[in-house]
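The primary structure of each chain is shown beneath.
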Amino acid sequence: MSAPSHHLKARRLGIDTHSETVVFLHKDSPVCRSEGFASLNRIALAAGGRQTVATLYQVVSDILGPHEAGLSDATWEALGLREGDSISARHAPPVESLGMVRGRIFGHPLDETMLHEIVRDIVGGRYSAIEISAFVTACAARPLAADEVRAMTRAMVAVGERLVWDHPVIADKHSVGGLPGNRTTPIIVAICAALGLVMPKTSSRAITSPAGTADTMETLAPVMLDEKTMREVVEREGACIVWGGAVNLSPADDILIRIERALDIDSEGQLIASVLSKKIAAGATHLVLDMPVGPTAKVRDGAAAASLSGGLLKVAEAFGIKACVVPGDGDQPVGRGIGPALEARDVVAVLSGSRHAPMDLRARAILLAGALLELSGTAAPGQGSAMADAALTDGRAWAKFQRICEAQGGMRTPPTSGHRKTLLAAGDGVLTAVDNRRLARLAKLAGAPEDKAAGVEMHVRLGDRLEAGRTPLCTVHAEAVGELAYALGYADVNTEMFRIAQP
């Protein structure tokens, strides 16, 4: 027997709860009194054949009437409502898979069926943020076994779309992350596509970083392409660089990542499932994994890199993907820009052969593109980097990139910031360390990635000699005076962002 439902007039309150569905009811409303609803209860809402489960918060002011339901933007959109619509509300049915999560907390393993049910319920909105946190913590405190990682990966693929391509080799690249800048993907795609590889690149937006590849690419061309348009671009140019969210690949990943970042948990098993579920769903057959290693990168040392590399390669092999890991220097940002438009300018500078292009970004892109060319059999062993360099130097990659942008809807010019301030060295000496995490935080406080032109522009590299009050360290870019001031205040108290030693 289903629980009774009550009908309420829906009101959009204009509250951004990101992807979390939230409903607000007056504490003294008849529905709360009759059903015993309390704050943080999970409430099943329905309207016009659509339904969702939302977390309840109660109000005691007159912002809502007794027969009204206030909805967050995410809830409103999930139900497809219009002004004046009514919704029904009732207790959400029990979520059976939560019992499996409780079992995992106490050390019981999860099999493939269990993980499929858990992931399906998470994507279906049946878990609250608190309940997702319990699952994430249970899989981190007691690390996932190898068979659980494979099952988790398969479950994450199963709940989203899966692309199938009519080509024997589908090339892809992924960076493990944790390093500001390092926007090699658009350069690699252009090089590889210019040399005949098929590379339909689906990329992410930033969740906790100053920019994702999709954010950066969006300042150069449209990225919100549906599957039909994406396929047309790939058929025409052999490659694309689009936002993966538009084609619903591994939708569980973004949900889990947001919780992991809030908890500051980044366990190896979940990371492997996160990375490879999206690559499998995108139809990749050959994959190069960029793994920066450094004290303030995501992967801190060689031992961690070796463990993560082994896990990634084993799971990739289990799903029929030919993969290789390319470790790299994670001691400092790659490129000058940190933030969507600033990183886009670095990309264009490298591709167009500008004499002002950041050479570290160019070198890293060539190395990774070369590895992918060799992995796919396009280049002979040891010849990949030379082939990639040639395509970049003679303009083939730049021409291909421009054609990809046009096919995606037209090439754009990245915006420039309205406000900026250059930070100068506080002392004389040699730059010996850069804190990547603090630099990323500085760029975000300046407004990135929401403000596309905001971020940080680097002026120094490790080993540079600095002069107090004269050598520029970086320039903070912002689109609002207040955000610039806030970012500069953060820089003032975080003096360890740039470590200077006496020569």
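Residues numbered from 1 in each chain as written. Predicted model: local features only at pLDDT ≥ 70, side-chain atom pairs only at ≥ 80, totals over all residues. Heavy atoms only, no water.

1. Some details on the packing of aromatic side chains
Line of reasoning, step 1. If you walk through the whole model with that rule in mind, you get 2 aromatic pairs.
Line of reasoning, step 2. On the numbers, 6.3 Å between centres and 15° between planes, the contact of Trp398 with Phe401 is stacked. Of this pair, Trp398 and Phe401 both sit in helix α16 (residues 396–407), 3 residues apart, which is roughly one turn of the helix.
Line of reasoning, step 3. Just above the ring of Trp243 sits the side chain of Arg205; from NZ or CZ to the centre is 5.0 Å.
Line of reasoning, step 4. A cation over an aromatic ring shows up here: Arg231 above the ring of Trp165, its NZ or CZ 4.5 Å from the ring centre. (Phe/Tyr/Trp six-rings, centres within 6.5 Å; stacked < 30°, edge-to-face > 60°. Helix = DSSP H or I, 4+ residues; strand = E, 2+ residues; numbered from the N terminus. Lys NZ or Arg CZ within 6 Å of the ring centre and 35° of its normal.)

2. Focus on the side chain of Ser417
Line of reasoning, step 1. Structurally, Ser417 can be placed in the loop between α16 and β13 (419–424).
Line of reasoning, step 2. Judged by relative accessible area, Ser417 falls into the buried class, the value being 8%.
Line of reasoning, step 3. Within polar-contact distance, the side chain of Ser417 engages the side chain of His477 at 2.8 Å.
Line of reasoning, step 4. Non-local contacts of Ser417, meaning those with residues more than four positions away in its chain, are made with Ala453, His477 and Ala478. (Buried < 20%, exposed > 50% of the residue type's maximum accessible area, 1.4 Å probe, protein only. Polar contact = N/O pair within 3.5 Å; in protein donor to acceptor, adjacent residues only side chain to side chain. Contact = heavy atoms within 4.5 Å.)

3. So, the packing of helix α9 (residues 227–237) against α16
Line of reasoning, step 1. Axis separation between α9 and α16 bottoms out at 10 Å; the angle between their running directions is 150°. If you check the angle between α9 and α16, you find them roughly antiparallel. As α9 packs across α16, the resulting crossing turns out to be right-handed. For the pair α9 and α16, contact is made by Val233, Arg236 and Glu237 and by Lys400, Arg403, Ile404 and Ala407, respectively.
Line of reasoning, step 2. Taken together, the residues that form the contact of α9 with α16 break down as 3 nonpolar, no polar and 4 charged. (Axes fitted to C-alpha atoms, helices over the stretch in contact; angles between N-to-C directions. Parallel < 35°, antiparallel > 145°, perpendicular 65-115°, else oblique. Left-handed = near helix turned anticlockwise from the far one by under 90°. Nonpolar A, V, L, I, M, F, W, Y, C, P; charged D, E, K, R; others polar.)

4. A word on the nonpolar core
Line of reasoning, step 1. Counting 58 residues, the largest nonpolar core has Phe135 and Leu276 as the members making the most contacts within it.
Line of reasoning, step 2. Ranked by residue count, the leading element in this core is helix α11 (residues 268–281), at 7 residues.
Line of reasoning, step 3. In terms of nonpolar packing, the next biggest core, distinct from the first, is built from 45 residues, Ala221, Ile241, Val350 and Leu375 among them. (Core = buried A, V, L, I, M, F, W, Y, C linked by side-chain atoms within 4.5 Å.)

5. Overview of the pairing of strand β7 (residues 171–175)
Line of reasoning, step 1. β7 sits mainly inside the fold: 4 of its 5 residues count as buried.
Line of reasoning, step 2. With 5 bridges joining them, β7 and strand β10 (residues 286–293) adopt parallel strand pairing. Bridge pairing links His174 to Leu289 in β10. (Pairing = 2+ DSSP bridges.)

6. Digging into the sheet that holds strand β12 (residues 337–338)
Line of reasoning, step 1. Read across the open sheet, the 4 strands follow the order β12-β15-β17-β13; overall the sheet is antiparallel. Both outer strands of the open sheet, β12 and β13, are each paired with one neighbouring strand and no more.
Line of reasoning, step 2. Bridging between strand β15 (residues 455–458) and strand β17 (residues 472–478) involves 4 bridges; their strand directions are antiparallel. Following the sheet pairing, Met458 is matched in β17 by Cys474.
Line of reasoning, step 3. Sheet contacts for helix α18 (residues 481–493): β13 and β17; angle to β13, the most-contacted strand, approximately 15°.

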